[in-house]
Each structure stands twice: as structure tokens, then as C-alpha cells.
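Now for the letters of each chain:
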Amino acid sequence: MNKFGGHPLVGNARGRGLIGTLELVRNKETKEQFTPTDGIAIHAGKQAQVHGVITRALGDNYSLCPPLIITEAQINDLFDRSTRALDDTYTWARATGLY
């Protein structure tokens, strides 16, 4: 999950085993959160589906819970697709004035 730490939207990346969560923030330095009505994690989840990834959005958290039989190559693919979803969400957040 540390791979995501450098993304402009990710304030905190944490995980245990194969379960991981990205906390999406408006400002990385101050950890300022989005408002609940911004729907940032929901938008990120929809973008993830566009890229073939199913996530769980809880508040400002983007969560991944892959199957236990996932291979290393599949994990790399999951991270690549999730990065594209976050990039799309970042572009959307900037265009709508959320970021």
C-alpha cells in the first residue's frame, strides 16, 4: 500500500495482510479531509470499476480486499488499475474545484 503514499489524493495508506485502505484527503500536508457530500471515495470507486477493480468506499476511504489466492502479478495489476482510478479521480476533483 505504500506505493500509493505519493499520490496527491492519498493522505494515509495502510494495510494488514491483503486488506488495504487509502485515506483520500484534500491537502496532503495538513491532512484536510473532504466533506462527506463531496463523495470523493465513491467517485474513486466508480473510476476503479471503469478500470476493472471492485473497491469499498467508506467516507473518504478507498479500500481494497483482494482474494487470498491472488498472485503477485495480479497484485501489481490491481495496484496499476487503482492508480489509474485515483489519477482519474484527481483530475475530476481538480476540474470540479474539490482539490
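Residues numbered from 1 in each chain as written. Predicted model: local features only at pLDDT ≥ 70, side-chain atom pairs only at ≥ 80, totals over all residues. Heavy atoms only, no water.

A.B. asks: What's the story with the side chain of Ser63 in this structure? I'm lost.
C.D. replies: With respect to the helices and strands, Ser63 occurs in strand E5 (residues 61-64). There is a polar contact of 3.1 Å between the side chain of Ser63 and the side chain of Thr21. Ignoring anything within four residues of it in the chain, the contact list for Ser63 reads Gly20, Thr21, Thr55 and Arg56. (Helix = DSSP H or I, 4+ residues; strand = E, 2+ residues; numbered from the N terminus. Polar contact = N/O pair within 3.5 Å; in protein donor to acceptor, adjacent residues only side chain to side chain. Contact = heavy atoms within 4.5 Å.)

A.B. asks: How should I be thinking about the packing of aromatic side chains in this particular structure?
C.D. replies: Aromatic ring pairs are described here by two measures, namely the spacing of the ring centres and the angle between the planes. Evaluation of the coordinates by the stated rule reveals 2 aromatic pairs. A centroid spacing of 5.0 Å and a plane angle of 55° characterise the contact between Phe4 and Phe79, whose relative ring orientation is tilted. Residue Phe4 is found in the segment before strand E1 (10-16), and its partner Phe79 is found in helix H2 (residues 72-95); the two are separated by 75 residues along the sequence. Owing to a relative accessible area of 1%, Phe4 belongs among the buried residues under this scheme. Judged by its relative accessible area of 16%, Phe79 is buried. Ring centres 5.0 Å apart and planes at 75° place the aromatic pair Tyr90 and Tyr99 in the edge-to-face group. Residue Tyr90 is classed as buried on the basis of its relative accessible area, which comes to 18%. (Phe/Tyr/Trp six-rings, centres within 6.5 Å; stacked < 30°, edge-to-face > 60°. Buried < 20%, exposed > 50% of the residue type's maximum accessible area, 1.4 Å probe, protein only.)

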